[in-house]
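Fold and geometry: a report
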Amino acid sequence: MNGSGGSAIALRGATVRFGDHVIWEKLDLDVAPGRCLAILGPNGAGKSTLLKVLLGLLPLSAGTITIDGRPPGHGSAEAGYVAQQRVFDPDLPIRGRDLVQFGVDGQRLGLPRTRAREVDPVIQAVGAQSYADVPVGLLSGGQQQRLRIAQALAGGPRLLLCDEPLLSLDPAAQEEIVAVIDRHRREHGTTVVYVTHEITPIADVVDQVLYVAAARWAAGSPDTVLTTQSLSALYGTHIDVIRVHDHIVIVGGDGAGTCTHPDHEAAGHDHDLNDGHPGHSPEGHQR
Amino acid sequence: MGIGFLLQQPFAQHALLAAALVAVSCGLIGPFVVTRGMAFAVHGTAELAFTGAAAGLLIANNPVVGALVGAVVVAGLISVFGGRQRERDSAIGVILAFGMGIGVLLLGFYHGFATAATNILFGNIFGVSGDQLIVLLVIGLIVVAVMGIWYRPLLFASVDPEAAEARGVPVRGLGLLFLIVLALTVTGAAQVVGTLLVLSLAITPAAAAQRLSASPLVVAGLSIAFAVVAADGGLLASFQSNVKASVFITSFSFAIYVLARLAGPLLRDRRRSRHQGHPAGLEVTQRRPTAELPGTPVAAASAEDGGGVG
């Protein structure tokens, strides 16, 4: 495959290094327009680094990247960005619609303004019209995330990049947010990228998975990447991928016993993998 | 002396104009100071403007330029030392304590009028010369111009830095720009209310405005209006009496804040009732940290794994 013919995202031999430290290298990836990609991997594996590359905020050390056939512009409006929910101060003098308006013109010079015709359609699209005039600090985490999605969509992006958008939300809110994003993807053909360390909440909507770990990567459909065999090869140590009903649990290292109570291992396998691979922690390179 | 006669005097007109410009600058930056959690940075910058003013007084008999240099140096130091708010606050505390000590030392060497020291600490707009007044006017115009140009991206960067960065807003650069604007504003305000009372113009009007509205433009407008009313109102009141203007300015600004606090809940209730069915804060339960939900399927079913947790 040479050209990036028709790909929404095309990476060829993409490498990011900080000094001598390789975050990931020779990454090849094609995502077709309107598809949904999940970028998975341990903390510090370079997931957010990849997101910055997609946003055009960080250049590749080697290789090429194109978004819709062109190099990504610096913070361009073609890519919408949804960050992790953070608690806003209740006194913050910003309403939901102000937050959304930033998605239209927040980077431009001058005084702020709000134009209903520019933001009302996206506010409606995410179902936030009833609380768009309430100070954002008074809203729930799920409501704030809907407004962040509206902000990301306000510029009419071809590509929606979501960085841990479900973190700190409860299961019901997670489900709602995933549904809002996926509906927009289906209706507008927007390409969606999730950076996450929890595949389960988005497992139903994901077409492709990119798993980065230990400066290596594996890409493909969820069924081919999220297997005991593929992840074991990636980490270079035995990894168990267990599917329990809808849930996908990844358990690593020596923790043979850890999978018997998967409900309690969310935090536990952090250490398991770490024990198996102390030399592969590319820490300190994100943000 | 009647007030009508006073208002015809150039010094009174200049003082009112300078105070108004200082108040507009303060009102403009105030909401950002509150949003970015920088009240202590304002106080620190002002205290160090005192040291600069003392040095300026001693070296060149010019406290305004000294204060300006002091404030800008502190802004630079704060941006070098302090990234996060907590880190920044302790860095400011460290610099402030040392700087004030130097200021006291410098004042000890100064053998001019004793009132010069109290003027720096508590302000005296009538104590500044015509040349210095022009410096203040220029500073005020620069602050208003810079804020007018960068208001929107600065607001975006203050409210939602991650999203702003993703949109290509130079978040760090704007942070430094804001510190410099803050230093300029503080220098101006220090001449009117003194270095110890700068917060009465740089924080109080903005804090009052935030009780009354959540619209960024309305808050900015109210904050400017409150600051101007307090500053020029305080000056006019001091024309009529022997009491220092800063006493009136801080009192007026405090009174506005108290009124806003009383009126705020009424306005907010009205806003909420307009959005009935979705009362804000009703879904508070969703804010529970996930740590409170151990063993739920989602918490456990992460495809999380782990490596490099540092």
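Residues numbered from 1 in each chain as written. Chains lettered and ligands numbered in written order. Predicted model: local features only at pLDDT ≥ 70, side-chain atom pairs only at ≥ 80, totals over all residues.

A look at the overall build of chain A
Under the convention used in this document: Put simply, DSSP marks the helices as runs of H or I at least four residues long and the strands as runs of E at least two long, and each gets a number from the N terminus on. Here a residue counts as buried when 20 or more other C-beta atoms fall within 10 Å of its C-beta, as exposed when 12 or fewer do, and as partly exposed in between; the C-beta atoms come from the backbone. Throughout, a pair of residues is in contact if the C-beta atoms placed from their backbones lie within 7 Å.
When its secondary structure is counted, chain A shows 8 helices and 11 strands. Classification of the 287 residues of chain A by burial places 50% in the buried group. When contacts within chain A are restricted to residue pairs at least 6 apart in sequence, long-range pairs at least 24 apart make up 61% of them.

A short note on the overall build of chain B
What chain B contains, in helices and strands, is 14 helices and 0 strands. Each helix and strand of chain B, ordered N terminal to C terminal, gives the series α-α-α-α-α-α-α-α-α-α-α-α-α-α.

Focus on the sheet that holds strand 2 (residues 21-31) of chain A
Residues and elements named next belong to chain A. Selection rule: Being paired, for any two strands, means DSSP has found at least two bridges between them. Working convention: axes come from line fits to C-alpha atoms, limited for helices to the stretch in contact. Angles between N-to-C directions cover 0 to 180 degrees.
Read from one edge of the open sheet, 3 strands run 2-1-4, paired in antiparallel fashion. Two strands in the sheet have a free side with no partner beyond their single neighbour: strand 2 and strand 4 (62-67). Neighbour-to-neighbour, the strand axes of the sheet open up by a mean angle of 25°, direction not taken into account. Pairing of strand 1 (residues 9-18) with strand 2, which is carried by 7 bridges, proceeds in the antiparallel orientation. Paired with Ile9 across the strands is Val31, a residue of strand 2.

Section: the pairing of strand 10 (residues 239-244) of chain A
As paired strands, strand 10 of chain A and strand 11 (residues 247-252) of chain A are joined by 6 bridges and run antiparallel to one another. Note that in strand 11 of chain A the partner of A:Arg243 across the bridge is A:Ile248.

Comments concerning the pairing of strand 11 of chain A
Side-chain positions along a regular strand alternate between the two faces of the sheet. Most of strand 11 of chain A sits out of view: 5 of its 6 residues are buried. Between strand 10 of chain A and strand 11 of chain A, which follow one another and run antiparallel, lie 2 residues, and A:His245 among them has a positive phi close to 50°.

Examining the sheet that holds strand 5 (residues 79-82) of chain A
Residue and element names in this part refer to chain A. The 6 strands lie next to each other as 5-6-7-3-8-9, forming an open sheet whose pairing is mixed. Edge positions in the open sheet fall to strand 5 and strand 9 (216-220), since each of these has one partner strand only. For this sheet, the mean inter-axis angle between neighbouring strands, taken without regard to orientation, is 15°. Relative to strand 7 (residues 191-195), strand 3 (residues 36-40) runs parallel, the two being bridged by 4 bridges.

A closer look at the nonpolar core
We count it as follows: Structurally, a nonpolar core is described as a collection of buried Ala, Val, Leu, Ile, Met, Phe, Trp, Tyr and Cys residues joined by way of C-beta atoms within 7 Å.
Within the largest apolar cluster, 177 residues are counted, with the highest numbers of intra-cluster contacts made by B:Val22, B:Val42, B:Val186, B:Val198, B:Leu201, B:Ala202 and B:Ala231. Excluding residues that lie within four positions of it along the chain, B:Ala231 makes contacts with B:Ala19, B:Ala20, B:Val22, B:Ala23, B:Val192, B:Leu201 and B:Ile249.

Description of unusual backbone geometry
Residue and element names in this part refer to chain A. Phi angles above zero are rare outside glycine, and Lys26 is one such case at about 50°. Along the polypeptide, Lys26 turns up in strand 2. For Asp68, which is not glycine, the phi dihedral falls at a positive 55°. Following the sequence through the fold, Asp68 ends up in the loop between strand 4 and strand 5.

Section: helix 2 (residues 10-35) of chain B
Each α-helix winds once per 3.6 residues, and so residues spaced three or four apart point in a common direction. All names here are of chain B. Selection criterion: The length a helix should cover is 1.5 Å for every residue beyond the first. Fitting axes to the seven residues ending at a residue and to the seven starting there, one defines the bend at that residue as the angle between these axes.
Over its 26 residues, helix 2 runs 38 Å from end to end, which matches the ideal 38 Å to within 8%, given 1.5 Å per residue. If you look at helix 2, its biggest bend is around 35°, right at Ile29, and the proline Pro31 turns up within four residues after that. Following helix 2 by one or two positions, Gly37 adopts a phi angle in the positive range, close to 65°.

Examining helix 4 (residues 63-81) of chain B
With 19 residues, helix 4 of chain B extends 26 Å between its outermost C-alpha atoms, agreeing within 8% with the 27 Å of an ideal straight helix rising 1.5 Å per residue. Regarding helix 4 of chain B, the residues found buried are B:Pro63, B:Val64, B:Gly66, B:Ala67, B:Leu68, B:Gly70, B:Ala71, B:Val72, B:Val74, B:Ala75 and B:Ile78.

A look at the confidence of the model for chain B
Residue and element names in this part refer to chain B. The condition that has to hold: Each residue carries a pLDDT score, the predictor's confidence in it, ranging from 0 to 100.
Scored by pLDDT, chain B comes out at a mean of 80, with 83% of its residues at no less than 70. The secondary-structure element of chain B with the lowest mean pLDDT is helix 14 (residues 297-300), recorded at 37, while helix 11 (residues 204-212) shows the highest, at 94. Taken as a whole, residues 276-310 scores under 50 in pLDDT and shows 97 contacts with residues more than four places along the chain or in a different chain. Reported confidences for the modelled complex are a pTM of 0.80 and an ipTM of 0.79.

Details of the environment of A:Gly44
Tracing the chain through its elements places A:Gly44 in the loop between strand 3 and helix 1 (47-54). For A:Gly44 and A:Ile23, which are 21 residues apart along the polypeptide, the C-alpha to C-alpha distance reads 8.6 Å.

Section: the environment of A:Ile181
Note on placement: A:Ile181 falls in helix 5 (residues 171-188). Ignoring any residue separated from it by four or fewer positions in sequence, one finds A:Ile181 in contact with A:Ile149, A:Leu160, A:Cys162 and A:Val192.

Description of the packing of helix 3 (residues 116-125) of chain A against helix 4 (residues 141-154) of chain A
All names here are of chain A. How we decide: Oblique is the label for any angle not under 35 degrees, not over 145, and not in the 65 to 115 range, which are roughly parallel, roughly antiparallel and roughly perpendicular in turn. If you view the pair so one helix is near and one far, a crossing is left-handed when the near helix is turned anticlockwise from the far one by less than a right angle, and right-handed when it is turned clockwise. Only Asp, Glu, Lys and Arg are considered charged in this grouping, and only Ala, Val, Leu, Ile, Met, Phe, Trp, Tyr, Cys and Pro are considered nonpolar; every other residue, Gly among them, is considered polar.
Between helix 3 and helix 4, the shortest axis-to-axis distance is 9 Å and the interhelical angle comes to 130°. With respect to their mutual orientation, helix 3 and helix 4 come out oblique. Our pair here, helix 3 against helix 4, has a crossing hand that is right-handed. Two secondary-structure elements touch here, helix 3 through Val119, Val122, Ile123 and Ala125 and helix 4 through Ala150, Leu153 and Ala154. Grouping the amino acids of the contact of helix 3 with helix 4 by side-chain chemistry returns 7 nonpolar, no polar and no charged.

So, the packing of helix 3 (residues 39-60) of chain B against helix 9 (residues 171-193) of chain B
Residue and element names in this part refer to chain B. It is at 9 Å that the axes of helix 3 and helix 9 come closest, and there the two elements cross at 60°. Considering the angle they form, helix 3 stands oblique to helix 9. As for how helix 3 packs across helix 9, the hand of that crossing is right-handed. Contacts between helix 3 and helix 9 involve Ala41, Val42, Thr45, Ala46 and Ala49 from the first element and Leu182, Ala183, Val186, Thr187 and Ala190 from the second. Grouping the amino acids of the contact of helix 3 with helix 9 by side-chain chemistry returns 8 nonpolar, 2 polar and no charged.

Here's the deal with the environment of A:Gly13
Residues and elements named next belong to chain A. In this fold, Gly13 is placed in strand 1. Judged by the 13 C-beta atoms lying within 10 Å of it, Gly13 is partly exposed. Spatially, the C-alpha atoms of Gly13 and Ala62 are 7.0 Å apart, while their sequence positions differ by 49 residues.

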